[in-house]
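# Examining the three-dimensional arrangement
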Number of protein chains: 2
Amino acid sequence: MSKQLGAQSIRFEKPVYILNSGSVVGTKEGAGPLGKKFDRVGKDDWFGCKSWEDAESTLQKMAAETALEKSFLEAKDIRYLFTGDLLGQSMASSFGVGSLGIPTFGLYGACSTCGESLALGSMAVEGGFADRVLCVTSSHFASAEKEFRFPLDYGNQRPLSASWTVTGSGAFVLGDESAMNSYVSDTTSVVSQGKRIPRARITGITVGRIVDFGLKDSMNMGACMAPAAASTIQQHFQDFAVGPEEYDRIVTGDLGKVGQRVLIDLLKERGIDISKNHMDCGIEIYDESQDAHAGGSGCGCSAVTLSAFLLPQLEDGAWKKILFMPTGALLSKTSFNEGKCVPAIAPGIVIERV
Amino acid sequence: MSKQLGAQSIRFEKPVYILNSGSVVGTKEGAGPLGKKFDRVGKDDWFGCKSWEDAESTLQKMAAETALEKSFLEAKDIRYLFTGDLLGQSMASSFGVGSLGIPTFGLYGACSTCGESLALGSMAVEGGFADRVLCVTSSHFASAEKEFRFPLDYGNQRPLSASWTVTGSGAFVLGDESAMNSYVSDTTSVVSQGKRIPRARITGITVGRIVDFGLKDSMNMGACMAPAAASTIQQHFQDFAVGPEEYDRIVTGDLGKVGQRVLIDLLKERGIDISKNHMDCGIEIYDESQDAHAGGSGCGCSAVTLSAFLLPQLEDGAWKKILFMPTGALLSKTSFNEGKCVPAIAPGIVIERV
């Protein structure tokens, strides 16, 4: 049986475990509905640094260190690193986890990079190229505003369709059967060291296409990204021959409230109803009182929500199987200023309780 | 036997063929020593567009189409696309090959992205995740100057250690045994259609670490990148238990003349002499009269040189085995303005004549 499924998907034959993960966020995320679930919350959003870019790099390193600590591993135990962020030339990663000295693949999938890193990371593990990999992605509200929009001091008004870039980084240690066994086999420490037995694995992926619906509004990225999510979800169901009922939750990355509505409508037009089990990390991470408008966004949004909220739901047995689908809006300052559209991409990751 | 070799490398057990490739360049590259070898040379560097960014996207699409045509394939025959460029948020790719509709992985490894795309592309093929993948990377002198340095009209003076970003894009179709067989089996057309039998395969890779020697001069990127190349070459020899004599050529991406000297010296200090078989794409692509100073650079530099010059040397039997190692300097406008160093990365790809 081929691992290749349908037009865009892969079903993994060998298990790829999520050994453990780490989540670090800023103050606004810490004050939100998921606040108590994150591993670490910053005292402020500077993380001891003097520039927003350095703050984001530090955030990323903290998330990676947390994931490694929780997995009882060190950087040298990781074969390959898959990493990316939103900044020009992925600078948060180059100066962040890049410094860990792990052989590195730099990725760019805009806010969907967490999904891309998990997709390529699982392929590396399942293909036998690595026993353990680390997937780390981040975003920071202030570095992203500087990169994409207006100087913070300018006090620009944001429309209600705009999202709020999450200050946060999520890191995931993926491992093969042998990595899982060596983690678990040290039974004495499972209790004494408070080890958690990994209870989630990645069983398949659907790689996203770049979808361009001709939308140009960078203050309504949910609407720009919804068509890409719809495309991947529809193809995913076709490739795996399943429907929405297969999943306890279908979780998009950062469509927010406007994008969620567009996604559900687009899929309804195609005869697919995900309204009962759709969830969006961008909607979960802030509450109404936090003035985040449409919701959270950024690579960090889906990454920290997966680590702190979604994985525990699988591990605790509340859910058995989810389709995790970070969404990325492909724009830059230059493309925006040149009046280009905002195409988008959405990779889908199937995560199951072991 | 494990595919994992030493600390950073992979030896492929199943063959990964380079089915064919395409190279498209600008006028300066067309006028250089490799000029006649490229598949297509632009009449000018606008490629029919009104912005440099669009010109680069078009360049990329042309390279992809050329590689597909030469492989007698269409976009729909390609399972996954691995692509990247130098622009902020990889915009040349999003609006370039992104529009081909192939499920996509976006990459960022600065000028080393060609190597990164070949590494991940081969892993996807060898791991059984794809029968055929397309690896496309590009750079454009004018879009890169705008992104990283000064407006062209400013007429900034360039020191002799500076390199010249290559306007060019290289695209590579990688395939597994079945893809190779289906390409070759149509024997009537091999002669009648002028088909070239693929004669090169990727047999191993060494994934690069991010190396930071504390250098800050973005006008001397060769020196910034040489330590990363030295690190990967040294590790490669250790992982594969070989020495420089194993390779007809050890080909770096865009160190240029200054970087080449630094690399050879750094390795000599470590007891490794690559002076006899080192070659650098950045040195090959322009000649002295072209005022390119240290040499060519950019994702496109190593990509078009591999396609138009290195692969034919393997196919014609002049060489049997090369270590191809694009080099990437990790900097952005922001990191430069904030006074940060320029770390670098260099992935190594072993390419052998079949």
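For every chain, the first residue of the written sequence is number 1, and numbering continues from 1 along that sequence. Lettering of chains starts at A and numbering of ligands starts at 1, both following the order in which they are written. Under the rules for a predicted model, residues below a pLDDT of 70 receive no local features and side-chain atom pairs below 80 are neither given nor counted, while totals for whole chains, interfaces and linings still include all residues.

## Notes on the overall build of chain A
- Under the scheme used here, helices are H or I runs from DSSP no shorter than 4 residues and strands are E runs no shorter than 2 residues, and both carry numbers assigned from the N terminus. For chain A, the helix and strand inventory stands at 12 helices and 16 strands.
- Only the C-alpha atoms count toward the radius of gyration. The rule for a globule is 2.2 Å times the residue count to the power 0.38. Computed over its C-alpha atoms, the radius of gyration of chain A comes to 19 Å, within 12% of the 20 Å expected for a compact globule of 354 residues.
- Along the three orthogonal principal directions, the C-alpha set of chain A runs to about 55 × 50 × 35 Å.
- By the burial criterion, 62% of the 354 residues in chain A qualify as buried.
- Two residues qualify as being in contact provided that their C-beta atoms, derived from the backbone, are within 7 Å of each other. Intrachain contacts of chain A at a sequence separation of at least 6 include 79% that bridge at least 24 residues. Partly exposed residues are those whose C-beta has more than 12 but fewer than 20 other C-beta atoms within 10 Å; with 20 or more the residue is buried, with 12 or fewer it is exposed, and the C-beta atoms are placed from the backbone.

## Some details on the relation of the copies chain A and chain B
- Structural alignment of chain A on chain B gives an RMSD of 0.0 Å, achieved by rotating through 180 degrees and translating 0.0 Å along the axis. One copy is carried onto the other by what is essentially a two-fold rotation axis. Copy-to-copy superposition: least squares on the C-alpha atoms, limited to residues that have pLDDT of at least 70 in both copies.

## Here we look at helix 4 (residues 113–126) of chain A
- Taking 1.5 Å as the rise per residue, helix 4 of chain A with 14 residues should run 20 Å; its terminal C-alpha atoms sit 20 Å apart, in good agreement.
- With respect to burial, helix 4 of chain A is a largely interior element, 14 of its 14 residues being buried. Helices are assigned an expected span. That span is 1.5 Å times one less than the residue count.

## Examining the domain arrangement of chain A
All names here are of chain A.
- Source of the domain bounds: an automatic or database domain assignment. The domains assigned to chain A are domain 1 (4–192) and domain 2 (202–353).
- Taking the mean C-alpha position of each, domain 1 and domain 2 sit 17 Å from one another.
- Each side of the interface is counted separately: domain 1 has 54 residues, and domain 2 has 57 residues.
- At the level of secondary structure, the elements contributing two or more residues to the side of domain 1 that touches domain 2 comprise strand 2 (9–25), helix 1 (27–30), helix 4, strand 6 (132–139), helix 5 (141–148), strand 7 (164–165) and strand 8 (168–175).
- Looking at the side of domain 1 that touches domain 2, the element that brings in the most residues is strand 2, giving 10 residues.

## Quick look at the pairing of strand 2 (residues 9–25) of chain B
Residue and element names in this part refer to chain B.
- The buried fraction of strand 2 amounts to 12 of the 17 residues, a majority that puts the element mostly inside the structure.
- A pair of strands is considered paired only if DSSP assigns at least 2 bridges between the two. In terms of strand pairing, strand 1 (residues 4–5) meets strand 2 through 2 bridges, oriented antiparallel. Bridge pairing in strand 2 links Gln-4 to Ile-10.
- Connecting strand 1 to the antiparallel partner strand 2 that follows it, the hairpin turn spans 3 residues, and Gly-6 within it adopts a positive phi of roughly 55 degrees.
- Both strand 2 and strand 9 (residues 200–206) contribute to a ladder of 5 bridges, which runs antiparallel. Pairing of Arg-11 across the sheet is with Gly-204, part of strand 9.
- Taken together, the 8 bridges between strand 2 and strand 8 (residues 168–175) define a ladder with antiparallel strand orientation. The partner of Val-24 across the bridge, within strand 8, is Ser-169.

## Quick notes on the pairing of strand 13 (residues 321–325) of chain B
Residue and element names in this part refer to chain B.
- By the criterion of burial, strand 13 is predominantly enclosed, with 4 of the 5 residues buried.
- In this structure, strand 13 lies alongside strand 16 (residues 348–353), joined through 4 bridges in antiparallel fashion. Residue pairing for strand 16: Leu-323 is matched across the bridge by Val-350.

## Overview of the packing of helix 2 (residues 52–70) of chain A against helix 5 of chain A
Residue and element names in this part refer to chain A.
- Note on method: axes are straight lines fitted to C-alpha atoms, helices fitted across the in-contact stretch only, with angles between N-to-C directions ranging 0 to 180 degrees. Where helix 2 meets helix 5, the closest approach of the two axes is 8 Å, and the angle between their N-to-C directions is 135 degrees. With respect to helix 5, the axis of helix 2 lies oblique. Here helix 2 runs over helix 5; the crossing is left-handed. The residues of helix 5 that touch helix 2, namely those facing Trp-52, Glu-53 and Glu-56, are Ala-142, Ser-143 and Lys-146.
- Here the contact of helix 2 with helix 5 is composed, by residue class, of 2 nonpolar, 1 polar and 3 charged. To sort the angles, those under 35 degrees are grouped as roughly parallel, those over 145 as roughly antiparallel, those from 65 to 115 as roughly perpendicular, and the leftovers as oblique. Here a crossing is called left-handed whenever its near helix is offset anticlockwise from the far helix by less than a right angle, and right-handed whenever the offset is clockwise. Classification used: nonpolar for Ala, Val, Leu, Ile, Met, Phe, Trp, Tyr, Cys and Pro, charged for Asp, Glu, Lys and Arg, polar for all others including Gly.

## Notes on the interface of chain A and chain B
- Between chain A and chain B, the contact holds 51 residues from the first and 51 residues from the second.
- Elements supplying a minimum of two residues to the side of chain A that touches chain B: strand 4 (80–84), helix 3 (91–94), strand 5 (104–106), helix 4 and helix 12 (333–337) of chain A.
- Examining the composition of the side of chain A that touches chain B, we find that 5 residues originate from one element, helix 4 of chain A, more than from any other.
- Residues that form the side of chain A that touches chain B fall into these classes: 22 nonpolar, 20 polar and 9 charged.

## Some details on the environment of Leu19(A)
- Tracing the backbone shows Leu19(A) in strand 2.
- As a C-alpha pair, Leu19(A) and Arg132(A) span 113 residues in sequence and 9.0 Å in three-dimensional space.

## Comments concerning unusual backbone geometry
All names here are of chain A.
- A positive phi angle, close to 55 degrees, is found at Gln-89, a residue other than glycine.
- Along the chain, Gln-89 turns up in the loop between strand 4 and helix 3.
- One non-glycine residue with positive phi stands out, namely Ser-90, at about 50 degrees.
- Residue classification places Ser-90 among the buried residues on the basis of 28 C-beta atoms within 10 Å.

## Details of the confidence of the model for chain A
- pLDDT runs from 0 to 100 and stands for how confident the predictor is about each residue. Chain-level statistics for chain A give a pLDDT mean of 95 and a share of 97% at 70 or above.
- Reported confidence for the predicted complex is 0.97 by ipTM and 0.97 by pTM.

## Quick word on the nonpolar core
- Think of a nonpolar core as buried Ala, Val, Leu, Ile, Met, Phe, Trp, Tyr and Cys residues, each tied to the set through C-beta atoms within 7 Å. By size, the foremost hydrophobic cluster in this structure holds 232 residues, and its most contacted members are Leu134(A) and Leu134(B).
- When near neighbours in sequence (up to four residues on either side) are disregarded, Leu134(B) contacts Ala64(B), Ala67(B), Ile78(B), Leu81(B), Ile102(B), Ala171(B) and Val173(B).

## Here's the deal with the environment of Ile210(A)
- Relative to the helices and strands, Ile210(A) is located in the loop between strand 9 (200–206) and helix 8 (221–240).
- Along the primary structure Ile210(A) and Cys135(A) are separated by 75 residues, whereas in three dimensions their C-alpha atoms are 22 Å apart.
- In contact with Ile210(A), other than residues within four places in its own chain, are Leu330(A), Pro343(A), Ile345(A), Ser94(B), Gly98(B), Ser99(B) and Thr104(B).

## Concerning the environment of Gly348(A)
All names here are of chain A.
- Note that Gly-348 resides in strand 16 (residues 348–353).
- The class of Gly-348 is buried, set by 29 C-beta atoms lying within 10 Å.
- Remark: the alpha-carbon pair of Gly-348 and Thr-206, spanning 142 residues in sequence, is separated by 4.9 Å.
- Excluding residues that lie within four positions of it along the chain, Gly-348 makes contacts with Ile-205, Thr-206, Thr-232, His-236, Leu-323 and Met-325.

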